[in-house]
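In case you want the letters, here they are:
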Amino acid sequence: MRDEDILAFVKGNKNLAERGEEENKVEDTCSLEERETFEEVYPDEISLYEQRDAKSEIKGTSDTAFGIITTGIDPLEITETGARLTGYVNTSRRQEVRLGTYVLVPYGDEDLFARIWKLQYLQEFAVDDATEIHSRRMLQSNTTDEVDYKFLAYLDPICILYESTDMDGRLVRRMSDRIPRPNTPILPVTDKTKIQTGLNIPEEGIFLGHLSVGGELVRTHAVPPTVPYYLRNDYSMGDPLIFRHMLVCGSTGTGKTFLTKNILRQFMSENNRYHLRGSEERKNPCIVIMDPQDEYSQLFEDNPHITDDDDFRFRAEIINFGACKNTRTFVAKVKGEGYTGRSMAEQIEFTIPFEIVRNNSWLIAPVGMTELQYIGVDLLLDDYFKKAGQHTYSGFMDFIDNDVTRDLYVESGKIHESSYDGIVRRVKNRSLAKVFDQHARPIDEILGQIFKPGQVSVFPTEYITNSRIRDIITLTLMSLIVDNKLNTSGEASVKETPIILGLDEAHRYLAKAGGEHSRRLISKFADAARQGRKEGLGLFLITQDPQDIDETIFKQINTRIILNLSNDAAINSMKVKKEFEKRIPYLKKGQMIIQSPDNSDMVEIMGLSRCVVKHV
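Once a new chain begins, its residue numbering starts again from 1 and follows that chain's sequence as written. It should be noted that, the model being predicted, local features are given only for residues of pLDDT at least 70 and side-chain atom pairs only at 80 or more, the latter also being counted only at that level, while totals for whole chains, interfaces and linings use all residues. Side-chain figures throughout are based on the complete set of non-hydrogen atoms in the structure, without hydrogens or water.

1. Describing the overall build of the protein
- Assigned secondary structure in the protein consists of 22 helices and 23 strands.
- With a 1.4 Å probe rolled over the protein chains alone, any residue whose accessible area is under 20% of its type maximum counts as buried; one over 50% counts as exposed, and the rest are partly exposed. Counting across all 616 residues of the protein, residues that qualify as buried make up 50%.
- Any two residues having at least one pair of non-hydrogen atoms within 4.5 Å are treated as being in contact. Sequence-distant contacts, at least 24 apart, represent 72% of the contacts inside the protein between residues at least 6 apart. Helix and strand assignments come from DSSP, with helices taken as H or I runs of at least 4 residues and strands as E runs of at least 2, each series counted from the N terminus.

Pasting the structure below:
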C-alpha cells in the first residue's frame, strides 16, 4: 500500500498537509468555547501548541545543530549521581564531533551545558556486515554510506545555565537538575560567556592558554574567536591562587620552559599587586627563578618574532607580553668557574658565607649520612660558631681536622670515633671550598637587591660543572626565603615582599624524604607551603618527575598544569579523572590539562604558539 493510501485513513481521511492548514485556521478563529471542545477531540495536537513558545526560541537551529536528543536507543534519565542522555548526530555533522566536545541542549528558558563522553555507531537496518562478501565490497568501493548507520553521542551534563534575576540578568550556573525533552536539538557552543560560565572559568586573571578539545581550539562567534583560560588572581573568593602554589610537569621537550616564561610574564603587570596579611598596602610581586639551563634571564628581552596580529590578539585577551626590563641576574662566585650569560640583563655577583650554615647544617652534610653523623655535625657546628672571630669554611675544616678536637669529642663520648671520622671525610670536600666565602658580596647582605617588588631575579647555575655546588646555591636561596618568611623577625625585604619562587627541576630538591638531609628540607618547605597564603609566598614548581615530589608538599599544590607525560608512575601521581588521564601520553607540544579545583572544572587548553618574551 502506498504512503498516501495509508495517510488517507488518518483523522477523517485528511492528509498531513490538509490537517496542518486546518489546525492553523482553528488556532486563529476558534472561540474559547470552541477551542475547549477541540481539545477534547484532539488532546495530542493541542500539546504541540503548548510547546510552541519554547520551540520558537530554538527555531532555525536545524542548520547548526549536531543532532537531536533521542529516546530511540536508551531512555532519557537523570539522577543525583549521574545521567543517561543519548543524542543522534546528523550525517552532515559527524566529522565535527569529537570526544570532549562541549554542547548546549536548550530548554527554552535555560540551557543544559554538557560534554560528549562517548561516541557510538549502530546499524540502521538489520544486516550482517561481518561477512567476507560485504568486506570485499567495502574495500573495493572504499566508501561508507552514513545513512545506513546511527551515529550516537552520549552526553555528560556539566551544569544548567540561566540568567539570574538577583544578579541583573547575569549568566550563572547550577547543578544539572532538569532532563531535556526528546527531539531537542544538540547545539555547538558559540558563545564565549556560556563556555566560561559552564566550565566555571574566571573571565579575567592570569592568562594560561586557550580552551581546546583534542588539540583543536574551541572557537566562538566572538573576536578573537578563541576562549581564554584565566587563573583567578584577585581576592573575591579568597587569596589569589598563585599563593596556593602551581606545578608544571611534562617530559623533556614538551615545552615546560616556553610555557613557564609565558605564565610568569603575566604576573609582571604594573597593575598586578598583592597585599600581605595584616597590611592593606599592595605591592607587585618579586619573581625569583632558579634557572638550571640559563633560559629565564631572557625575560629581560622582547621576542622579535611577535607580529602585528599577535599584538592584536594579546591586547584583546589581556595577555601581557614584551620585555621585563626590571630583570636582574644573580651569579654565584665559584672558584674556577665563569658565567658569560645569554641576556643583556644586569649581572650581580655574590658569595655564600659559611655563617649561613649555622642554622642550616644540612647544606654541608651530603645525602647518605647516618642519623648519628647528622647529630655530630650539628654539635660540631654549634661549638665552632660559639668561638669568637670570623667563621669560615676553611676555619671549620681546621677545627674538625685536628687531633686534639677529635680526642676531645671521642673520649668524652659525645661522638663515636667512627662517626667522627665519617663526618670529616664527608664534610671535607674541595667543591665546598670553591663556593663558600669567595671574593664577592655575601648573599645575606644583598637581600634588598634580590627581593624587590616588581623585579625578576634569576639565579643561573648552568655554568657550574659540579652538581653539588649547584645544589648548595639553590638550597641556600630556598632556605633564605623560607626562613625569613616564617620567622617573625625575618629580613624586611623578604618578609614584606610578595614572592613567587620558580623552582626548575623541583624533584631534585623536594624529593621524598630518604634521610635526615631530605627530612629537614621537606619539613621546612611543607611549613612554607602551608603558610604561603598568609606570608605571600607562592611556589611555582617545574618538573618532569612529579611522582618524586614529597607528598606533604604535593598536596599543597592547588593548580597543576600537565603536559605530555609518558611515565606511568608520573601520570598516576597526578590523580586526574580517567577520561583526561588517557589523553596525557598523547598531548601535543603546547597542549595541556589544567587541574585547579578552586579555579574551574578540569579542562584541556592550548598554550600560545608564540613566546611573549625572547626564547631561544
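2. Re the nonpolar core
- Residues enter a nonpolar core if they are buried and are Ala, Val, Leu, Ile, Met, Phe, Trp, Tyr or Cys, with the set joined through side-chain atoms within 4.5 Å. In this structure, F354, F396 and F436 are the most contacted members of the largest nonpolar core, which totals 89 residues.
- With nine residues, the single largest contributor to this core is helix α16 (residues 467-486).
- Here F436 is in contact with T351, I352, P353, F354, V357, I364, Y393 and I472, once residues within four sequence places are set aside.

3. Describing the confidence of the model for the protein
- Overall, the prediction assigns the protein a mean pLDDT of 87, with 89% of residues at 70 or greater.
- For every residue, the predictor reports its confidence as pLDDT, a number between 0 and 100. Across residues 1-57, where pLDDT falls below 50, the model places 32 contacts with residues more than four positions away in sequence or in other chains.

4. A closer look at the environment of G502
- In this fold, G502 is placed in strand β19 (residues 499-504).
- G502 sits in the buried class, given a relative accessible area of 2%.
- Sequence separation between G502 and M246 is 256 residues; the distance between their C-alpha atoms is 9.4 Å.
- Setting aside anything within four residues of it in sequence, one finds G502 in contact with V288, I289, M290 and F540.

5. Here's the deal with unusual backbone geometry
- The linkage connecting V223 with the following residue, P224, adopts the cis geometry, with an omega of -5°.
- Relative to the assigned elements, P224 resides in the loop between β10 (216-217) and β11 (228-231).
- For K575, which is not glycine, the phi torsion reads 55° and is therefore positive.

6. Overview of the packing of helix α10 (residues 371-386) against helix α13 (residues 417-427)
- Only the contacting stretch of a helix is used when fitting its axis, a line to C-alpha atoms as for every element, and angles between N-to-C directions run 0 to 180 degrees. Direction vectors running N to C along α10 and α13 enclose 75°, while the axes themselves pass 9 Å from each other. Accordingly, the angle class assigned to the pair α10 and α13 is roughly perpendicular. Counting all contacts with α10, which are made through L372, Q373, G376, V377 and L380, the residues of α13 involved are S419, Y420, G422, I423, R426 and V427. When an angle is under 35 degrees it counts as roughly parallel; over 145 it counts as roughly antiparallel; between 65 and 115 it counts as roughly perpendicular; any other value is oblique.

7. Concerning helix α8 (residues 256-266)
- A large share of α8 lies buried, amounting to ten of its eleven residues.
- Turning to α8, its buried residues number three or more, namely K256, T257, L259, T260, K261, N262, I263, L264, R265 and Q266.

8. Brief notes about the packing of aromatic side chains
- Ring pairs are drawn from Phe, Tyr and Trp, using the six-membered ring of Trp, whenever the two centres fall within 6.5 Å, and their geometry is named by plane angle: stacked under 30 degrees, edge-to-face over 60, tilted for the rest. For the structure shown, the criterion picks out 21 aromatic pairs.
- Among the aromatic residues, ring-to-ring pairing joins F354, Y384, F385, Y393, F396, F399 and F436 into one connected group.
- We call a charge positioned above a ring when the Lys NZ or Arg CZ atom is no farther than 6 Å from the ring centre and deviates by at most 35 degrees from the ring normal. Positioned above the aromatic ring of Y154, the side-chain terminus of K118 is 4.7 Å from the ring centre.
- Against the face of Y107 rests R178, its NZ or CZ located 4.2 Å from the ring centre.

9. So, the pairing of strand β20 (residues 537-543)
- Summarising burial for β20: seven of the seven residues are buried, a large majority.
- Burial of the side chains of β20 extends over both faces: L537, L539, L541 and T543 are buried on one face and G538, F540 and I542 on the other.
- By the bridge criterion, four bridges tie strand β12 (residues 246-249) to β20 in an arrangement that is parallel. Bridge pairing in β20 places L247 opposite L541. Strands qualify as paired when DSSP identifies two bridges or more between them.

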